[in-house]
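Single-letter residue listing:
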Amino acid sequence: MKSLAVLSLKGGVGKTTLAVHFAYFIHETLQREVALLDGDPISSSLRWHKRGEGFPFSVVPLGEDYGKHDWLVVDTEAHPSHQDIERIAAQVDVVILPVTNIESLETAIEIQPLLGKVSCLAVVNMAPPFPQRDGQEMRMALLSQGLTVASTLVRRSKAYETAKLEGTSTYHCSNRLGKAVWFEFDAVAREVVAHV
């Protein structure tokens, strides 16, 4: 089984949004069996899953058996301890570090030594839409610190909020830009899968 965890010391960086969309990508684009493990104490992924008709893949709370799948996506809690970070990194193939601002950039740098030999990819998340350059500048700052960074940015869009409210992905939500946002995310997801 292949596995990835979305991890950050900072809350509010879009871990759940990325985890849900990675699971959708694996299920729908790669056509593989996937389980989404919700490690967040407030059950963010499970809540999202329950808002609509349910995701087309398993969503299980931390501590429950997730069965046999081709892939496991882990939505981690905000503010994990250093011991939890080391434990998670030892159990997955790749760690995704979402970065939205200078604070999350600093925590991504702080996490790096705790990850051991696991493959790691920073993803600039919730970047302002073009033509603003904030996201690209954040990407360059991450690269200058020696992190491996996805070349595609995940841009901020109301389609993500619509998807959350409707309990689905941006591809299936009612937002008129949902499919365009999905195809942008698809490029990021392909970079992540290449790291596994």
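Note that this is a predicted model, so its numbers are computed, not measured.

(A) View of the overall build of the protein. Along the protein, the regular secondary structure elements total seven helices and six strands. Listing each helix as α and each strand as β along the protein from the N terminus yields β-α-β-α-β-β-α-β-α-β-α-α-α. Here the protein has a C-alpha radius of gyration of 15 Å; the compact-globule value for 196 residues is 16 Å, and the two agree. A principal-axis box enclosing the C-alpha atoms of the protein has dimensions of 45 × 40 × 30 Å. Scored against the burial criterion, the 196 residues of the protein give a buried share of 51%.

(B) Fine view of the layout of surface pockets. Quantified by volume, the largest pocket comes out at close to 270 Å³. Along the wall of the largest pocket there are 17 residues; nearest its centre are Leu 37, Leu 62, Val 74, Arg 87 and Ile 88. The biggest single contributor to the lining of the largest pocket is helix α3 (residues 82–91), with four residues. Approximately 200 Å³ is the volume attributed to the second largest pocket. Broken down by secondary-structure element, the contributors of at least two residues to the lining of the second largest pocket are α1 (15–29) and α2 (44–51). For the lining of the second largest pocket, the per-class residue count stands at four nonpolar, six polar and four charged.

(C) Quick peek at the nonpolar core. Of all hydrophobic cores here, the largest spans 35 residues; its most connected members are Leu 4, Phe 22, Leu 36, Val 73 and Ile 96. If one sorts the elements of this core by residue count, α1 sits on top with eight residues. Contact partners of Leu 4, with chain neighbours within four places excluded, come to Phe 22, Ile 26, Trp 71, Leu 72, Val 73, Val 74, Val 92, Val 94, Ile 96 and Val 192. Residues Val 95, Val 99, Ala 108 and Ala 127 belong to the second largest nonpolar core, which totals 30 residues.

(D) Examining α2 more closely. Every buried residue of α2 is listed here: Ser 44, Ser 45, Leu 46, Trp 48 and His 49. On its buried face, α2 is in contact with α1, β2 (34–38), β3 (58–61), β4 (71–75) and α6 (158–166).

Rules used throughout
- Along each chain, residues carry numbers from 1 onward, in the same order as the chain's sequence is written.
- Per-residue local features are limited, in this predicted model, to residues with pLDDT of at least 70; the limit for side-chain atom pairs, both in listing and counting, is 80 or more; totals at the level of whole chains, interfaces and linings are taken over all residues.
- Think of the side-chain values as coming from all heavy atoms in the structure, minus any hydrogens and water.
- A helix here means a DSSP run of H or I that spans at least four residues, while a strand means a run of E at least two residues long, and both kinds are numbered starting from the N terminus.
- For the radius of gyration, the atoms used are the C-alpha atoms, and the globule rule reads 2.2 Å times the number of residues raised to 0.38.
- Relative accessibility thresholds used throughout: buried, under 20% of the residue-type maximum; exposed, over 50%; partly exposed, between the two (1.4 Å probe, protein chains only).
- Both site types are read off a 1 Å grid over the protein atoms alone. A 1.4 Å probe that fits but cannot get out defines a cavity, while an open set with protein on both sides within 12 Å along at least five of seven lines defines a pocket; lining residues have an atom within 4 Å of a point.
- Grid points are joined across faces, edges and corners, and a volume is the space filled by probe spheres set on the points.
- Each residue gets one label: Ala, Val, Leu, Ile, Met, Phe, Trp, Tyr, Cys and Pro are nonpolar, Asp, Glu, Lys and Arg are charged, and the others, such as Gly, are polar.
- Buried Ala, Val, Leu, Ile, Met, Phe, Trp, Tyr and Cys residues that are joined via side-chain atoms within 4.5 Å together make up what is termed a nonpolar core.
- For this analysis, residues touch if any pair of their heavy atoms sits within 4.5 Å.

Keep in mind these values describe shape, not function.
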